Every structure is written in structure tokens, then in C-alpha cells.
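Take a look at the letters that make up each chain.
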Amino acid sequence: MAQTKIVIVGAGFGGLAAAKALKNTSAEITLIDRTNHHLFQPLLYQVATAVLTPSQIATPIRSILRSQKNVTVILGEVTGVDNDKKCVFVTDADRENVPIAYDYLILATGATHSYFGHNEFEAFAPGLKSLADAEAARNKILQAFELAEAEDNPALHRDLLTFILVGAGPTGVEMAGALAVLVRTSLKSEFRRIDPASARIVLVDMAPRVLGPFSEELSKAAKSRLEKLGVEVRLGHSVEHIDADGIVVAGERIASKTVIWTAGVAPSPAGKWLNAETDRAGRVRIQKDLTVPGHAEIFVVGDTASLDQNGKPLPGVAQVAMQQGRYAAKVIHSRVTGKRPPDSFSYFDKGSMAVVGKGFAVLQSGKVQMSGLGAWFTWAAVHLQFLATSSLRLGVFLQWAWTYVTGQRGDRLIVNHHGSEVAKPVPDSAVKPTFAGR
Ligand SMILES: Cc1cc2nc3c(=O)[nH]c(=O)nc-3n(C[C@H](O)[C@H](O)[C@H](O)COP(=O)(O)OP(=O)(O)OC[C@H]3O[C@@H](n4cnc5c(N)ncnc54)[C@H](O)[C@@H]3O)c2cc1C
């Protein structure tokens, strides 16, 4: 009898969990991803703020699955699905739209940025979703200090050293806190003509409070911590305009050369590929066994799926993706082996956490609410535990300990030497800036 073919698209939290959970299933598994690495997105902001190196939060997918002989990893971009012929189309560096057949398909293709209908903002306010995004943000932030140091006209320092984060959810809050620590500790004594600690960090959101999914109390604790760190928190107004010179919010222009988008997410196009029903955000509506209605062989998991539990949609977080990936694998395993399928999927919420600067986090798990150093230790332990390999766990632990004690960061390199990411502001007056020492 021919081997069952399982295709998994996406080796993020959901896809990788599914592949691992199919370890003992006698099937041919093909895992396709457009990058060669599994990325730990919750620590992307630490790459963007130079705490960690890219290789400390990402691992080659093939290396993670090297001993799982039933999985073949393919580097390629899935461009569509033919539900009738049961194949996905893959494009790689050499070939276009090559069909790969499946008996079971798991789509775990995650999400991308959403600019809430203002796609024109993207050119000036890049998001933080991939390793490339995080490196680009790091380059831009570090370069802003270099440009300011080289700039003779002090009137221009303010714009260069103003950093704006649009979106005060966990990513925006964590990024703002980490940036504040970077400018007030690591960079403090390294420049001669500018004072990095004078950098202005502005966190903007249309919501009335930061960290919307957390309780009001924790949200207040996070806001006051941010303010202690010197972050300006502007809430209750959406950004009206973003261009190369900054943003306009509540009718006020805030000049800045570094704006980072940490607001909305949009799902991958899986719904379009399948021609399936989606929710308002575009996520594929799935059933309690995580399959697409009318297609018992197609599972959609993680950020690109929409499933309600207790009348509320499940959140787009790593835990949901991992639990769904494992569940989809269980259903497939039961079908391949002819065993009884598991009961309907039910998400077990272990809680949420967010870090605000050095040694401070907020934690909410059931009725437990904590903020401060204890929550930060819990955050650190949980994040270390979920990194993909032991070497990452050890490396990140040592880096955090080093950074905590010395204030020094892991990766302060600007790698885009060939082109400046930060456009120099044009002076209002006719004063011509000159480069110091030339
Ligand atoms: C900056 C940031 C911080 C976050 N912090 C937290 C946090 O602290 N806690 C938490 O629980 N969650 C956090 N999240 C959310 C969490 O990372 C996501 O919910 C989780 O990654 C979703 O898992 P997934 O498997 O659905 O998608 P992903 O993990 O995004 O994986 C999708 C995979 O699919 C691949 N892919 C996409 N399209 C294609 C295609 N067409 N062809 C081939 N491959 C494709 C991608 O390369 C990727 O590897 C954060 C997210 C971000 C961006």
C-alpha cells in the first residue's frame, strides 16, 4: 500500500509542533517553508534592539528535524492549493508552481503586518515579523545614532533621535522598553557629540490603554513602568499620517526618521488558496477538529485560522498555534492508524506575559496577576524553555545574564554598510551640515 502523504506548510510554531507530533506516524511528511529557519517571534524585538543576535532566536528547520527520518524539509514558497487534485504549488529559486501531492494537508502559514487599509504607511513604518525585519530595524536604530553623532547641526539631532512605535500591544511595549534601556544604558557612554539618553521614544496607540489583552491593573503597571523609563505614551488617537519625516497623530506632527509599526496583523492568504470561508480579518474559519468545512483532509492551524472558544475567537499567540499543530497531528495519526480520533480541540490558556525594560514584566495567568522582577524571572524561564534547541537556551541565558549585569548588548553591528537606512533630515535653514573631522 502507498505511504500516506502529509504536507505541512509553514515551520513556525504550529507547523513545527505538528511535524514533531507526527514522529511515530508511518507517513511521508513534507514540511515546506519559505525560510530555512524556525523563528522564535516573541524575541524578535530583542534582535531589533541589539540584545540578541539573529542566530540566537532562529534555527535551521532541517537541523531541528535532523533525526526525524519521516520528514523531508523543502525551502520554497507555497503559492496555492488545488483542493480537488489534492496538491499544493511550490515555487523555489529554480522552479515555479511545482505541484506536491498530499493525502492530508496542514496549513500553518501564520500572519503578516496589517496597516488597517493604509498600506502606504509600510514604506515609512516597517513592521516586525521576520528576522529580516528585525535586522532592518536594528540597522535603522543604530544608524540613527551614528548620523546624529556625525551631524554638526544640533537642530537636526532631535529628529534623528526620535523613535516612534505605532501599536502599544505586547510587541510595541516590549520594543519601547528595550529601546529605552538601550539608549540609557548600553549606548550612554559611547558617543562624544550627542547624548543617546536624550533620545525621545514615543509609543502611540488608538486604544485607551497599553497591553489591551491584559487586565487594567497590569496595563497601568506597564504604562507607569514605561514612563519611568522615559517613554512617552500617547493613547486614544490613531495615527493619521506617516511619511519620511515622521507621523501625524491627533493633528500633531511628531518629527522622526525611525518609525516602527507594531500594530495589526493580517493572516496569510490560506483562505484564498482554499476558497474557504474566512472571518473579517481574513482567517480561515475552521471546525472543532481544525479541518476546513467540506475538507476533512485539510487542517488550518495557528495565526491563519479562526476558531471560537467560549464565544470568543482564540488569540493569535504561539500557544494556540502549538496546541493546534499537535492536535491536527493527533487527528491525522488516528486516521492513519485507524484509531479513535481525539475529542474536539480545546485550547488551554497558560497565560500571557510582556516585558517592560530591564527586570520588569507583567504576567497574567487565570486569576494570578503579577508585575515586577518575579514576573520577569518567570517570563525569562518560560521563553528559554520554548526556544527550539538546548544550545539556543544556553546561549540566550548567558547573553541575558551578561546584558543584565554589564548592560552590554549581543549584536550592535550595522550590516547594511552599502546604503543608509536613515535619510538625513533636511535643515530648515540654509545651514549646510558638514561631517565632523572632514
Ligand atoms: C514580534 C512578535 C512578538 C510576539 N510575541 C509573542 C509572545 O510573546 N507570546 C506569544 O504567545 N505569541 C507572540 N507572538 C505571536 C506568535 O509568534 C504567533 O502567534 C505564532 O508565531 C503563530 O504561529 P503560526 O505557526 O501560526 O505562524 P508562524 O509562527 O508565523 O509561522 C508561519 C510559518 O509559515 C511560513 N510561511 C508563511 N507563508 C508561507 C508560504 N506561502 N509558503 C511557505 N511558507 C510560508 C513562514 O515562513 C513561517 O515560518 C508574537 C508575534 C510577533 C510577530
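Below or above, wherever it landed, is the structure these notes cover. Keep in mind that what you see is a predicted model, and the values were worked out from it rather than measured.

Here is what the cut-offs are and how they apply
Residues numbered from 1 in each chain as written. Predicted model: local features only at pLDDT ≥ 70, side-chain atom pairs only at ≥ 80, totals over all residues. Heavy atoms only, no water. Helix = DSSP H or I, 4+ residues; strand = E, 2+ residues; numbered from the N terminus. Rg over C-alpha atoms; globule rule 2.2 N^0.38 Å. Buried < 20%, exposed > 50% of the residue type's maximum accessible area, 1.4 Å probe, protein only. Contact = heavy atoms within 4.5 Å. Lys, Arg positive; Asp, Glu negative; His and termini not counted. Charge placed at Lys NZ, Arg CZ, Asp CG, Glu CD. Polar contact = N/O pair within 3.5 Å; in protein donor to acceptor, adjacent residues only side chain to side chain. Near = heavy atom within 4 Å. Areas by Shrake-Rupley, 256 points an atom, 1.4 Å probe, with all protein chains shown as cover. Nonpolar A, V, L, I, M, F, W, Y, C, P; charged D, E, K, R; others polar. Expected span 1.5 Å × (residues − 1). Arc of directions from axis to C-beta. Axes fitted to C-alpha atoms, helices over the stretch in contact; angles between N-to-C directions. Left-handed = near helix turned anticlockwise from the far one by under 90°. Pairing = 2+ DSSP bridges.

### Topic: the overall build of the protein
Counting its regular elements, the protein contains 11 helices and 27 strands. The C-alpha radius of gyration of the protein comes to 23 Å, within 12% of the 22 Å expected for a compact globule of 438 residues. When burial is assessed residue by residue, the protein has 53% of its 438 residues classed as buried. Look at the contacts in the protein between residues 6 or more apart in sequence, and 65% of them connect residues 24 or more apart. Each charge class in the protein can be summarised by its mean position, and for the 47 positive and 41 negative side chains these summaries are 7 Å apart.

### A look at the side chain of S114
Tracing the backbone shows S114 in the loop between β10 (111–113) and α4 (131–150). What makes S114 buried here is its relative accessible area of 16%. Polar side-chain contacts of S114 include one of 3.2 Å to the backbone nitrogen of F116. Residues within four places of S114 in sequence aside, it is in contact with W261, G264, V265 and A266.

### Some words on the site of the ligand
Around the ligand sit 27 residues, and of these G14, D33, Q41, V78 and D303 come closest. D33 has a polar side-chain atom sitting 2.6 Å from an oxygen atom of the ligand. In isolation the ligand offers 980 Å² of accessible surface; the protein chains occlude 89% of this area. Among the elements of the structure, α1 (13–21), β6 (77–82) and α9 (318–337) are those that each provide at least two residues to the shell around the ligand. For the shell around the ligand, the residue count by class is 11 nonpolar, 11 polar and 5 charged.

### A look at helix α7 (residues 216–228)
Taking 1.5 Å of rise per residue, 13 residues should cover 18 Å, and α7 covers 18 Å from first to last C-alpha, within 8% of that figure. Along α7, the positions that sit buried rather than exposed are L218, S219, A221, A222 and L226. Along α7, the residues classed as buried sweep out an arc of 160 degrees about the axis, all on the same side. In α7, the exposed positions angled more than 90 degrees off the buried face are occupied by E216, E217, K220 and K228. Along its buried surface, α7 packs onto α6 (170–186), β12 (200–205), β13 (231–235), β26 (361–365) and β27 (368–372). Looking one or two residues past α7, G230 carries a phi angle of roughly 95 degrees, positive in sign.

### Here we look at the packing of α1 against α9
For any two helices packed against each other, the geometry is given by the interaxial angle and the distance between the axes. Here α1 crosses α9 at 35 degrees, and the two axes come no closer than 7 Å. Note on packing geometry: the crossing formed by α1 with α9 is right-handed. When α1 is examined against α9, the residues F13, G14, A17, A18 and A21 are found in contact with a partner set consisting of A318, A321, M322, G325, R326 and A329. Residues that form the contact of α1 with α9 fall into these classes: 8 nonpolar, 2 polar and 1 charged.

### A look at the pairing of strand β14 (residues 239–243)
Inspection of the sheet shows β14 paired to strand β15 (residues 246–249) by 4 bridges, in the antiparallel sense. Bridge pairing in β15 links H241 to V248. In sequence, β14 turns back onto β15 through a hairpin of 2 residues.

### Let's talk about the sheet that holds strand β11 (residues 162–166)
With parallel pairing, the 4 strands of this open sheet are ordered in space as β13-β12-β11-β17. Each edge of the sheet is formed by a strand with only one pairing partner; in this case those strands are β13 and β17 (258–261). Strand after strand, the sheet turns through a mean of 20 degrees between neighbouring axes, direction not considered. Relative to β13, β12 runs parallel, the two being bridged by 5 bridges. Each bridged residue has a counterpart across the sheet, and for I201 the counterpart in β13 is V231. Across the sheet, α4 is in contact with β11 and β17; its angle to β17 comes to roughly 160 degrees.

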